[in-house]
Each structure stands twice: as structure tokens, then as C-alpha cells.
Amino acid sequence: MIPSALEHVQEIARPNHRVAVFLDYDGTLTPIVCHPEDAWLSESMRHVLRELGGQAPIAILSGRDLDDVRRRVDLDGIVYAGSHGFDIAGPGGLCRQLGAEYLSILDTSEKQLRQALDEIPGAQLERKRFSVAAHYRNVNENDVLMLARAVEAVAARHPELRRINGKKVYELLPDIDWDKGKAVIWLMESLGLDRENVRPIYLGDDTTDEDAFRALEHRGVGILVTDESQLTAARYSLKNPTEAEDFLRALSVRVGAVKL
């Protein structure tokens, strides 16, 4: 296991650096739940984010739709990036969207996949603006292969889309050279954070977050939120969203103390 970020807060937030904080949502700020619509931010986590936001810039990058993650976090003054970074909005008119020309293809793939998944008990299809997600957390283990084949069959019909694998979910999205890592780099440049004295910190729990860990490997800090041992480009770990909240609270105190 890589070291715990809770034990290295002072090393992560160095006195001569300003921090910029990038966060995933599901599995990082909130626990993974059986039904995605039930994943709401706790008031204690919202309070921690509000306090930290007064000390450092914050961006939340989620696989959820932009409006969905913004509604669940419900904090002004921070940047939100939905659809794995394909849809970005923030203070001062910050805005970027990629993949609008793929919406009709996503509409077609949604219809095809919905028809296929109707035959699989427990399968949940979620249409987002820039992707189509097939959740199988509640699918019988014997039926998961059938679901995977259904997703692959639809993907094969639409070479303009690519498939990504997450935690108990397969997702189709535009086959564009863009991911959370590229979104983080673009945000740093757009927000004036691409400087030697700025240390970006990224917390995430899923395979899509590995792109961000790799993008920041030589310029920032990646923190994997998991209680399992696995290969990762992250430098530190936290066991679960509870530890993530504890870390962000400690980070806020540390950054405040360094400013003094």
C-alpha cells in the first residue's frame, strides 16, 4: 500500500507552495451506493469544502452531468467539470464543452443499449449529456458478461464512441483525446495555476482518475481513495470518503496556518 495522505499533510502542503485542489465526487466525496441518485454530499463534507475553498481554488471533476454534480455539491465559487471533464463551468464565465457534435450518436446508442439492457435484471442505464453509462452493481454475477457483450456490441456499431470501464459501470463517450488528466491541465492553465509555486492535489477513487494522477505525477500529488491494494499512479492513499474528509479538513488548517 502507498502511504496514507493523512500522515503526510505537511509534506503535501509545503510552506513555499500554494495548493490547488481537484476532487472526484462518487467514491471520493461520497460513498459508493447501489443507486447513483442516492449519493448526496454530507453537510460535514460540504462545510469542509466551503472552509477549504476560502483557502485554495477547488475543482470537482465527476463522471456525472455538470448540472447534477453542481446541484449535489451546492457551493458557489468553485469549478465543476461534468462528464469526465467534457463539460466545464466555473466562476468568471469559465466554460468549455467538448463533444456536442456526438450528441445524435449518443442518442442512438442510448436507444440501442436500453433495448439490450431491458432483458438483464438489475441493469441500470444512465444517460448523461456526453455519455451513456450501463451500471451493473445490482446485476447478478452470472449476467454481467451478457451486459458487457451488449455494451461492446453497441460500441462496435459506433466507432465514433469509446468505452471506458469504471467501478461496476461501462460507459460510452465521444472518442476524443480528452480525459480528466487533460481537463486538470487545461483548468490549471485557464485559472492561472500553471506555475512552479502551485502544487495541484487530486483525490479520486476510480480508473478514470488515473489519467489525472498520471498528468500530475511530476508536478503535483495524486491521492487514491481506496481500501484495497492496487496499481496506481497516485503517490498517497486514503481508505474511504471519511478519511478524505479528514484529510481535506487537515489540509484546510495546514494551508491556513502556512498563510499566516
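Residues numbered from 1 in each chain as written. Predicted model: local features only at pLDDT ≥ 70, side-chain atom pairs only at ≥ 80, totals over all residues. Heavy atoms only, no water.

### Things to note about the nonpolar core
Point 1. Membership of the largest hydrophobic core comes to 52 residues, with the highest contact counts inside it found for F22 and L147.
Point 2. Tallying contributions element by element places helix 5 (residues 144-157) first for this core, with 7 residues.
Point 3. In contact with F22, other than residues within four places in its own chain, are A59, L61, V184, L187, M188, P200, I201, Y202 and L203.
Point 4. M45, I78, L238 and L248 belong to the second-largest nonpolar core, a separate cluster that totals 36 residues. (Core = buried A, V, L, I, M, F, W, Y, C linked by side-chain atoms within 4.5 Å. Buried < 20%, exposed > 50% of the residue type's maximum accessible area, 1.4 Å probe, protein only. Helix = DSSP H or I, 4+ residues; strand = E, 2+ residues; numbered from the N terminus. Contact = heavy atoms within 4.5 Å.)

### A look at the pairing of strand 9 (residues 169-174)
Point 1. Along strand 9, 6 of the 6 residues are buried, which leaves the element largely enclosed by surrounding structure.
Point 2. One ladder, built from 4 bridges, connects strand 7 (residues 131-135) with strand 9; its direction is antiparallel. Each bridged residue has a counterpart across the sheet, and for V132 the counterpart in strand 9 is L172.
Point 3. In this sheet, strand 9 lies alongside strand 8 (residues 161-166) in antiparallel orientation, the contact comprising 6 bridges. Bridge assignment links L161 to a residue of strand 9, and that residue is P174.
Point 4. What sits between the antiparallel neighbours strand 8 and strand 9 is a turn of 2 residues, in which K168 has the positive phi angle 60 degrees. (Pairing = 2+ DSSP bridges.)

### Points about the sheet that holds strand 9
Point 1. Strand order in this open sheet of 4 strands is 6-7-9-8, and the pairing throughout is antiparallel. Both outer strands of the open sheet, strand 6 (124-128) and strand 8, are each paired with one neighbouring strand and no more. This sheet shows a mean twist of 20 degrees between the axes of neighbouring strands, independent of strand direction.
Point 2. Along the sheet face, helix 5 touches strand 7, strand 8 and strand 9 and points at about 10 degrees away from the line of strand 9. (Axes fitted to C-alpha atoms, helices over the stretch in contact; angles between N-to-C directions.)

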